Amino acid sequence: MAWKPLGEMQVLSQRQPRVEAPLKVSGQAKYTYDIQLEGLLYGALLTCPHPAALVLRIDDSEVRKLPGVRAVLTDIHPTGTARYAGEYVAAVAATTPQLARDALELFEVEYEARPFVADLDSAMEDGAPRVFAERSNITEAKTSGEGDVEAGFAAAEVIVEAEYRTQVQTHSSLETHGSVAVWEGDQLTIYDSTQAVNGVREGVAQALEIPVNQVRVICHHMGGGFGSKLWAGRYTAIAARLAKLAGAPVKLMLSRRDEHLSTGNRPSSKQQLKLGAKRDGSLVAFSATTWGSAGIAGGAGVALPYVYRSLPAWKHTHADVYTNAGEARPFRAPGSPQGCFSMEQLMDEMAEKLGIDPLEFRLRHDNNPARQQEWRLGAERIGWTGRQAPGSGKGPLKRGLGLGASVWGTGGGGSHAEIKVFADGTVELRIGTQDLGTGTRTIVAAIAAEELGLPLSAIRPLIGDSDYPYSGGSGGSTTAPSVAPAVKNTAEKARQQVAELAAPHLGVAADQVSFSGGRIYGNNQSLTWQEVCGLLGTQVLSASGQWVEGLSSAGVAGCQFAEVEVDTDTGRIQVLRVVAVADCGLVLDRLTTESQINGGVIQGLSYALFEERLLDPTTGTMVNPDFENYKIAGALEVPQIEVILFDEAERGVIGIGEPPTIPTAAAIANAVYNAIGVRLRQLPMTPDRVLQALGA
Ligand code: MOS
């Protein structure tokens, strides 16, 4: 089976507003935060104030005396050795959120504070305190590469070399992590703000050592995740334990502070890069030595060489570095914005040294045929030919243009779905996926509607429940290529059954029946969808299907162009425009796709200019764990974003969640250079860093 040609699609590849939009804009959509239940208790977490400490003793006697406290846990830390400020040490459930927070003040905890390392550089010093006593802070370096790098550099006629730095970015989802746990006998229902209802189900069952079939996880709506909500949180099992102890449901939502500290982040990086070329513009060698701050976990890699991989010789050596800080976690295209920021600047520097236009240089070294066209589309839209020489503007406000490219690889699989058709003609679609904000609920309904020849409003899409047919987590931009084929396959089976119902009444064979505009056709006659469904009588038609090959694929290109204005008196960077060119195979819904790209650009801009987790080196604690001092881009900073979708419908469905956030920081950095003639090699590009660079 294949997708219809683009031109024949009625519902898909149009601009469909989200099916849940009325619920969301009217405040009726229920997020985990909004769940209200009879007798609901509120949980709160006591966290370790020290970046490294032994928890010697926890006295909860005063806590238990506080009226309204219904359950207390003092055994929630797995080892008693805390490795960052913010680790969960004890938990409480009380009748109001205020009481739960007050109760935290009444714990008496004896800590033995230990020496700590707050950042990547101090963690790498000789004799630095160890995060894990038995291991070096610097993990064993891993090297990858191809060809003879030394010979390559020996033959190079032009070399550019520089060190780049990127910061720790927290996911800053608008809805914090959290769960509501409800027991009915042995049966546990969890409302969770999650990217993976089934992953949480399995994780909670494991943590509580109960069978998977005793756990149900529900997530109807959620306020963002970006990779930080891919598995069960420790708070989820804690909420379930508190609820069991208290004999009442417990809602445990993290505070904004705990969210910044304990739910993961995009790791920082230190990158030493070198690129060699011949005078004719050919690239001969690339080398990179990188480190990433893993906190107390791993996965702090940097994607290099980025995009321009057709180098005859390259080598990349990377090591994660432990710090006494919250863990690195997957964050929208893990490792890629970091690598793109440095690689695209290095490419620009090389182009300038060689006297080649940066776009022309990309076109020569980019072997992706889609992006070859995308570069040209984007360049035309931004007005690349009007680009001035670096730093050549007059007056204190200087404008510049820059560019960057992205690449992302994952496909899909593993999804199952079910469709029910009722005698009144209504349709229900069930699939155990979740909508992390990308529009999943809308696209699954649109696929079913397209197949059945019905309007979008005819389908009731049911997602976000582990009781529905299995689908995997929404990570790695895998959701659309996983769910789309499963829903199409299921809808085809449902259509087949409806065709069989209609066929005798139209006097044709079932395979001669066609569906369009709410009518069912055959033999030059037609019946309405409702008339045919009415034939079901007391029956309910049900079809089950799953992911099949041939409707999706993997691998997207994409590029972005930025125009900035830099105030050389104040150091402030204003991004004026971003042109984002993106492909994702068959575009299922143009509106939700554009909005994912808008979101990616805004998040990338925020990473480029504002966001940074600041740990005080003397105390090891985060000094900006809020939205006042942890600055994220707001309406005033959002530029004009122009999205150009590059259709490749013949490739089937591919995910687009992650790639559009990758090249934004790189494009802005190159535009800043073009504006002021000075390179900023450290993120975020704050006014002080701009002024410092201009001063040097
Ligand atoms: Mo994503 S970082 O795989 O949710």
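Each value, and the rule that gives it
- Residues numbered from 1 in each chain as written.
- Predicted model: local features only at pLDDT ≥ 70, side-chain atom pairs only at ≥ 80, totals over all residues.
- Heavy atoms only, no water.
- Helix = DSSP H or I, 4+ residues; strand = E, 2+ residues; numbered from the N terminus.
- Buried < 20%, exposed > 50% of the residue type's maximum accessible area, 1.4 Å probe, protein only.
- Contact = heavy atoms within 4.5 Å.
- Areas by Shrake-Rupley, 256 points an atom, 1.4 Å probe, with all protein chains shown as cover.
- Domains from an automatic or database assignment.
- Buried area = accessible area lost by both parts, 1.4 Å probe.
- Polar contact = N/O pair within 3.5 Å; in protein donor to acceptor, adjacent residues only side chain to side chain.
- Nonpolar A, V, L, I, M, F, W, Y, C, P; charged D, E, K, R; others polar.
- Axes fitted to C-alpha atoms, helices over the stretch in contact; angles between N-to-C directions.
- Parallel < 35°, antiparallel > 145°, perpendicular 65-115°, else oblique.
- Left-handed = near helix turned anticlockwise from the far one by under 90°.
- Core = buried A, V, L, I, M, F, W, Y, C linked by side-chain atoms within 4.5 Å.
- Phe/Tyr/Trp six-rings, centres within 6.5 Å; stacked < 30°, edge-to-face > 60°.
- Lys NZ or Arg CZ within 6 Å of the ring centre and 35° of its normal.
- Pairing = 2+ DSSP bridges.
- Disulfide = S-S within 2.5 Å.

On to the overall build of the chain, then. Broken down by element type, the chain carries 17 helices and 28 strands. With respect to the three principal axes, the spread of C-alpha positions in the chain is 80 × 70 × 45 Å. The buried share of the chain, taken over its 696 residues, is 59%. Contacts spanning at least 24 positions in sequence make up 80% of the contacts within the chain whose residues lie at least 6 apart. Only carbon and sulfur atoms are counted for the fraction: they give 50% of the accessible area of the chain, which is about 26,700 Å².

This brings us to the domain arrangement of the chain. As assigned here, the chain comprises domain 1 (32–114 + 177–253), domain 2 (265–410 + 553–695) and domain 3 (412–546). Each of domain 2 and domain 3 has a C-alpha centre, and these two points are 40 Å apart. At the boundary of domain 2 with domain 3, total buried surface from both sides reaches about 880 Å², with 64% on carbon and sulfur atoms. It is Thr410, Leu588 and Val653 that lose the most area in domain 2 upon contact with domain 3, and together they represent 45% of the buried surface on that side. For the pair domain 2 and domain 3, the number of links is three residue pairs in polar contact (both at pLDDT 80 or more). Grouping the amino acids of the side of domain 2 that touches domain 3 by side-chain chemistry returns six nonpolar, six polar and two charged.

The subject of this paragraph is the packing of helix α10 (residues 358–365) against helix α11 (residues 369–382). Two measures define how a pair of helices packs: the angle their axes make with one another and the distance between the axes. Here α10 crosses α11 at 165°, and the two axes come no closer than 10 Å. By the angle between their axes, α10 is roughly antiparallel relative to α11. In the packing of α10 onto α11, the handedness of the crossing is left-handed. Contacts between α10 and α11 involve Leu359, Arg362 and Leu363 from the former and Gln372, Trp375, Arg376 and Ala379 from the latter. Class assignment of the residues belonging to the contact of α10 with α11 gives a composition of four nonpolar, one polar and two charged.

Further remarks concern the side chain of Asp366. Structurally, Asp366 can be placed in the loop between α10 and α11. Once residues within four sequence positions are removed from consideration, Asp366 is found in contact with Tyr308, Arg371, Gln372 and Trp375.

In this structure, the amide linkage connecting Leu304 to the following residue, Pro305, adopts the cis form with an omega of -10°. By the element assignment, Pro305 lies in the loop between β16 (283–295) and β17 (314–322). Residue Pro684 follows Leu683 across a cis peptide bond; omega there is -10°. With a phi angle near 65°, Val307 is a residue other than glycine that sits in the positive phi range. One can find Val307 in the loop between β16 and β17.

The next subject is the packing of helix α9 (residues 336–354) against α10. Close contact between α9 and α10 brings their axes to 9 Å; oriented N to C, the two are set at 110°. One element, α9, and the other, α10, form an angle in the roughly perpendicular class. In contact with Glu344, Met347, Asp348, Met350, Ala351 and Leu354 of α9, α10 contributes Pro358, Phe361, Arg362 and His365. Residues belonging to the contact of α9 with α10 are distributed by class as follows: six nonpolar, one polar and three charged.

Quick look at the nonpolar core now. Counting 81 residues, the largest nonpolar core has Phe286, Phe561 and Ile668 as its most contacted members. Considering each element in turn, this core owes the most residues, nine residues, to helix α16 (residues 664–676). Ignoring sequence-local partners within four residues, the contact set of Phe561 consists of Leu359, Trp375, Gly378, Ala379, Ile382, Trp384, Gly402, Leu403, Arg577, Val578 and Val579. Counting 48 residues, the second-largest nonpolar core is a separate cluster that includes Val421, Leu452, Leu506 and Ile520.

On to the packing of aromatic side chains, then. All chains considered together, the criterion is met by six aromatic pairs. Between Trp375 and Phe561 the ring centres are 6.0 Å apart and the planes differ by 90°, which places this aromatic pair in the edge-to-face class. Of this pair, Trp375 sits in helix α11 while Phe561 sits in strand β26 (residues 559–567); the two residues are 186 residues apart in sequence, bridging distant segments of the chain. For the pair shown, Trp375 and Phe561 are each scored as buried. In this structure, Lys244 is placed above the aromatic ring of Trp183, and the distance from its NZ or CZ to the ring centre is 4.0 Å. When the ring centre of Trp291 is taken as reference, the NZ or CZ atom of Lys270 above it lies at 5.3 Å.

With six of eight residues buried, α10 lies mostly within the body of the structure. Turning to α10, its buried residues are Pro358, Leu359, Phe361, Arg362, Leu363 and His365. Those residues of α10 that are buried are in contact with β16, α9, α11, β18 (397–405), β26 and α16. Here α10 starts with a cap whose side-chain oxygen sits 2.9 Å from the backbone nitrogen of Leu359, and that cap is Asp357.

Attention now moves to the sheet that holds strand β5 (residues 88–94). Consider a sheet: its strands pair through backbone hydrogen bonds, and that pairing is either parallel or antiparallel. Ordered in space as β3-β5-β1-β13-β10-β11-β12, the seven strands form an open sheet in which the pairing is mixed. The open sheet is flanked by β3 (69–73) and β12 (215–218), the only strands paired with a single partner. The sheet shows a mean angle of 20° between the axes of neighbouring strands, taken without regard to direction. With two bridges connecting them, strand β1 (residues 41–47) and strand β13 (residues 250–253) associate as parallel partners. Bridge pairing in β13 places Tyr42 opposite Lys251. Contacting β1, β3 and β5, helix α3 (residues 97–104) runs over the sheet at an angle of about 25° to β1.

This next bit is on the state of the cysteines. Under the defined criterion, the tally for this structure stands at zero disulfides. Counting only cysteine sulfurs, Cys559 is the nearest neighbor of Cys340, a cysteine outside any disulfide, at a range of 11 Å. Taking the relative accessible area as the measure of exposure, Cys340 reaches 0% and is therefore buried.

A word on the pairing of β3. Burial runs high along β3: four of the five residues are buried. Bridging between β3 and β5 involves four bridges; their strand directions are antiparallel. Looking at the pairing, Val72 lines up with Val92 of β5.

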